[in-house]
Amino acid sequence: MFSIVKNLARAGTLSTLFALIVVSSAPAQDTFQIGRGGQNIAQQCYAPSSIDPNYVIAICTRAINDTPMGSEPWPYATRAVAYIHLGKYQDALDDLNNAISNARKGYHYLPDFYGYRCFVQLNRGKTQEALDDCNAALKLRADDPNALDFRGDVEYRMGDYTAAIADFDTALKSEPNNTGALYVRGLAREKAGDPTGGKADVAEALAKNPQIAKDYPTF
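Every value quoted in this text rests on a predicted model; they were computed, and no experiment measured them.

1. Some words on the overall build of the protein
Then, number 1: For the protein, the helix and strand inventory stands at twelve helices and zero strands.
Then, number 2: Starting at the N terminus and walking to the C terminus, you meet the elements of the protein as α-α-α-α-α-α-α-α-α-α-α-α.
Then, number 3: Residue burial in the protein is summarised as follows: out of 219 residues, 51% are buried.
Then, number 4: For the protein, the computed accessible surface area is about 9,600 Å², with 49% contributed by carbon and sulfur atoms.

Have a look at this one:
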């Protein structure tokens, strides 16, 4: 899921991402027994009828402020994705902090929230904080290919190309069609002194996704 967060947040397409978040992080339907009006607001945040990020922010803000859903983690996670789409990383960070603090012990999607926050911190230029969050995600869900992909991005930014390559290698074993991981692994291999292998990775990534380089303008 982290790769989808990363690629869709950059590419500007939120439909699949919202679908993933609301399915993965929202509670069961029977928790919406909070009165007809409040239930409707919570349901709209749970499954937005529009992928317009401003709409999602507005409806999830109402769900957080006007219903008991403000104590749940998922409305904050959903709203955070809308903020990511708009490039409002501080707002996204604030919401992910709330999502993480509201998640009960053992909450299944807590590793994903750490992953989203890793992405946000990386885009804020906070590489050490991003690395800490990726490590937290992997501590909770070892060998998660998406967390490894994100951590590879962070390690690349930090100049630890060997570690980045190792994380991308492991991630790509599970998700061989992850063109983002393949592309950045190519860049890392070139930086690490393997220009032949690096160029091969970049060429393969571009063949699979000709737009992939545009998703990594600062790499």
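Once you've had a look at it, read on.
2. Let's talk about the state of the cysteines
Then, number 1: Summed over the entire model, instances satisfying the criterion amount to two disulfides.
Then, number 2: Note that Cys 45 is cross-linked by a disulfide to Cys 60, the S-S spacing being 2.2 Å. Around the S-S axis, the bridge from Cys 45 to Cys 60 shows a dihedral of about 100 degrees and counts as right-handed. Residue Cys 45 is found in helix α3 (residues 36-46), and its partner Cys 60 is found in helix α4 (residues 53-66); the two are separated by 15 residues along the sequence. The pair formed by Cys 45 and Cys 60 is uniform in burial state, with each residue classed as buried.
Then, number 3: One disulfide in the model links Cys 118 with Cys 134; its S-S distance is 2.1 Å.

The rules we used
Residues numbered from 1 in each chain as written. Predicted model: local features only at pLDDT ≥ 70, side-chain atom pairs only at ≥ 80, totals over all residues. Heavy atoms only, no water. Helix = DSSP H or I, 4+ residues; strand = E, 2+ residues; numbered from the N terminus. Buried < 20%, exposed > 50% of the residue type's maximum accessible area, 1.4 Å probe, protein only. Areas by Shrake-Rupley, 256 points an atom, 1.4 Å probe, with all protein chains shown as cover. Disulfide = S-S within 2.5 Å.

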